[in-house]
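Observations on chain architecture
What follows is each chain in one-letter form.
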Amino acid sequence: QVQLVESGGGLVQAGGSLRLSCAASGSISSIPAMGWYRQAPGKQRELVTTITSSSTYYADSVKGRFTISRDNAKNTVYLQMNSLKPEDTAVYYCNMRVVRWLFTTSNDYWGQGTQVTVSS
């Protein structure tokens, strides 16, 4: 099986920064894509950013403020969040598209979620 463990959430003032990490473990052959989603209270989960071996995507609401990166050797994805705003407050979930050993197809796995709270 595959497990994703997140860390790095917390409480920060508007304008501050936080860095989230998400590490995958288990029988992993490759991870074609990694990303971050978030869900604010009373709202649907939304895509924040994704990264593959060749490209990145950012939602308009975080462009220029958030940066996604990955360490393939550690099966880890990071989210550097700068210039945080109160509207960034949400539970952040990492997502990885994983190809397991001896398999040819991929499956999506999710982290447990980490709370990010930005005070005004």
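In this report, we go over the structure that sits alongside the text. (Residues numbered from 1 in each chain as written. Predicted model: local features only at pLDDT ≥ 70, side-chain atom pairs only at ≥ 80, totals over all residues. Heavy atoms only, no water.)

**Quick notes on the state of the cysteines**
- For the coordinates displayed, the defined rule picks out one disulfide.
- The disulfide bridge from Cys22 ends at Cys94, spanning 2.0 Å between sulfur atoms. Its S-S torsion of about 45 degrees marks the bond between Cys22 and Cys94 as right-handed, since a negative value means left-handed. Of this pair, Cys22 sits in strand S3 (residues 18–26) while Cys94 sits in strand S9 (residues 90–100), and the two are 72 residues apart along the sequence. There is no split in this pair, since Cys22 and Cys94 are both buried. (Disulfide = S-S within 2.5 Å. Helix = DSSP H or I, 4+ residues; strand = E, 2+ residues; numbered from the N terminus. Buried < 20%, exposed > 50% of the residue type's maximum accessible area, 1.4 Å probe, protein only.)

**Brief notes about the side chain of Asn95**
- Mapped onto the elements, Asn95 comes out in strand S9.
- One polar contact links the side chain of Asn95 to the main-chain carbonyl oxygen of Tyr109, over a distance of 3.4 Å.
- Ignoring any residue separated from it by four or fewer positions in sequence, one finds Asn95 in contact with Leu4, Ala33, Met34, Gly35, Tyr37, Asp108, Tyr109 and Trp110. (Polar contact = N/O pair within 3.5 Å; in protein donor to acceptor, adjacent residues only side chain to side chain. Contact = heavy atoms within 4.5 Å.)

**Quick notes on the sheet that holds strand S1 (residues 2–7)**
- The strand order across the open sheet formed by four strands is S1-S3-S8-S7, and the pairing between neighbours is antiparallel. The sheet terminates laterally at S1 and strand S7 (66–71), the two strands that pair on one side only. The sheet shows a mean angle of 15 degrees between the axes of neighbouring strands, taken without regard to direction.
- As paired elements, S7 and strand S8 (residues 76–81) share six bridges and run antiparallel to each other. The residue bridging Phe66 from the neighbouring strand is Met81, located in S8. (Pairing = 2+ DSSP bridges. Axes fitted to C-alpha atoms, helices over the stretch in contact; angles between N-to-C directions.)

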